[in-house]
Amino acid sequence: MGKEHSLYRKKTNYICDCCGGDTSKGVIIKDEIWKEIVDKFESRIFEDPKDNLLCINCIEKFLGRKITLDDLKPGIPLNLETMYNNKKFFMKKDLLLSTAIGDMMGVPYEFYRKAEEIVIPCSGYDYSDDTVCTFGVAKALIKGTDISKTLREVCRKEPGRGYGGMFRQWIADSQIGPYNSWGNGAPMRVSSVALMAGSEEECLEVAKKTAEITHNHPEGIKGAQAIALAIYLCLEGASKEDIRVKVLDHFYPDYKYKTYKEIPHGFDVSCQGSVPPVLVSFLESTSFLDCLKKVYALHGDTDTQGAMIAPIGYAYYGEIPEDLLEIAKSTLPEWMLEINEEYNKL
């Protein structure tokens, strides 16, 4: 691979020059990242740094952090293959921002009934309760705090974000427990669970815990589990057929073979009315942006359905347009950006 600085090269043996571990599968990192390592550790392990092989573990040890997508050279086939086969490792970065983007870009299209093409981004975007609750749940999971208490705290700091009537009462009164809701407030806030879960079973169990603090109706819990599992499976490299069978058929069998044209279009805040259309929209999508356009064109609960489909799309397609990431980073408050950074470092 010439002068490319890499963890993987065409050599007769693929042994890490530092620890002796296997480097037969790896990635090509950017020149400046390699230089950072060389400048710091050249005297210890490098004779000719351009010819060295290092495993991912040693790279991370030398950098003092995890490798992220930003460290990889773009457009390299090996990088794309490695990322696809190790999505959960590499796509940690900004998963929470993907949810916020789906919410924010959907806000202008709430109750939108025009036939014109959906444009992303468009004017009038802002974050709503979907983003606030997503970051609240993520904060609780990261810090190991009580989910109910943490969610109330962050929502009280963010008044007027479009909370539902019963949820507003729940926020205001700490004595109120779950209220048997089947609304889509549970699946819209669940995305952080997918990356932190170590198995499908754990994903479903933690999703249930995040839902039942308010949405303890079976449909509310089921909606949260369906979205969390879809994201989890995409991060694990699942195919769309896997998602259709393990998620859509399992949770909503009536929708298993429905096409996008056959699913309900219109406003519906129930889990059973809003989650299946999200899953079908994803299954027929072609990109992250197409996910958003398809779900907004349903003329439904666009910000909430956007918050559900965006992390699924990101986990599957592996990229978010840079302009949308910049919009999210410049719009969200500092406390959310701090939670995003903590989440990225897990």
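Preceding block: the structure.
Residues numbered from 1 in each chain as written. Predicted model: local features only at pLDDT ≥ 70, side-chain atom pairs only at ≥ 80, totals over all residues. Heavy atoms only, no water.

*Asks:* What exactly am I supposed to notice about the overall build of the protein chain here?
*Replies:* Per the secondary structure count, the protein chain includes 17 helices and zero strands. The burial tally for the protein chain puts 55% of its 346 residues in the buried class. Across the protein chain, every contact between residues at least 6 apart in sequence was considered, and the portion connecting residues at least 24 apart equals 70%. Total accessible area on the protein chain stands at roughly 15000 Å², and carbon and sulfur atoms take up 50% of it. (Helix = DSSP H or I, 4+ residues; strand = E, 2+ residues; numbered from the N terminus. Buried < 20%, exposed > 50% of the residue type's maximum accessible area, 1.4 Å probe, protein only. Contact = heavy atoms within 4.5 Å. Areas by Shrake-Rupley, 256 points an atom, 1.4 Å probe, with all protein chains shown as cover.)

*Asks:* Would you mind showing me how to read the packing of aromatic side chains here?
*Replies:* Under the definition given, this model contains six aromatic pairs. With a centroid separation of 5.9 Å and 40° between ring planes, the pair formed by Tyr163 and Phe167 is classed as tilted. Phe167 carries the same exposure label as Tyr163, and that label is buried. Between Phe282 and Tyr316, the aromatic rings sit 5.4 Å apart at their centres with planes inclined by 80°, giving edge-to-face as the arrangement. Of this pair, Phe282 sits in helix 13 (residues 271–283) while Tyr316 sits in helix 15 (residues 302–317), and the two are 34 residues apart along the sequence. Sitting above the plane of the Tyr127 ring, Arg161 keeps its charged end 3.7 Å from the centroid. Residue placement shows Lys294 over the ring face of Tyr260; its charged tip is 5.9 Å from the ring centre. (Phe/Tyr/Trp six-rings, centres within 6.5 Å; stacked < 30°, edge-to-face > 60°. Lys NZ or Arg CZ within 6 Å of the ring centre and 35° of its normal.)

*Asks:* Mind showing me how you'd approach the side chain of Glu219 here?
*Replies:* With respect to the helices and strands, Glu219 occurs in helix 11 (residues 218–235). Side-chain polar atoms of Glu219 contact the side chain of Lys222, separated by 3.4 Å. In this structure Glu219 touches Trp182, Tyr252, Cys271 and Gln272, once residues within four positions along its chain are discounted. (Polar contact = N/O pair within 3.5 Å; in protein donor to acceptor, adjacent residues only side chain to side chain.)

*Asks:* Sorry, what's going on with the pattern of salt bridges here?
*Replies:* Opposite charge on two side chains permits them to pair, given that their charged atoms come into close proximity. Per the counting criterion, the structure on display carries ten salt bridges. Between Lys293 and Glu117 there is a salt bridge, with the nearest N and O atoms lying 3.8 Å from each other. A residue pair is termed long-range when its members are at least 10 positions apart, and Lys293 in helix 14 (residues 288–296) and Glu117 in the loop between helix 5 (95–106) and helix 6 (129–143) qualify at 176 residues. Look at Lys293 and you get partly exposed, because its relative accessible area is 27%. With a relative accessible area of 61%, Glu117 lands in the exposed category. (Salt bridge = Lys/Arg side-chain N within 4 Å of Asp/Glu carboxyl O.)

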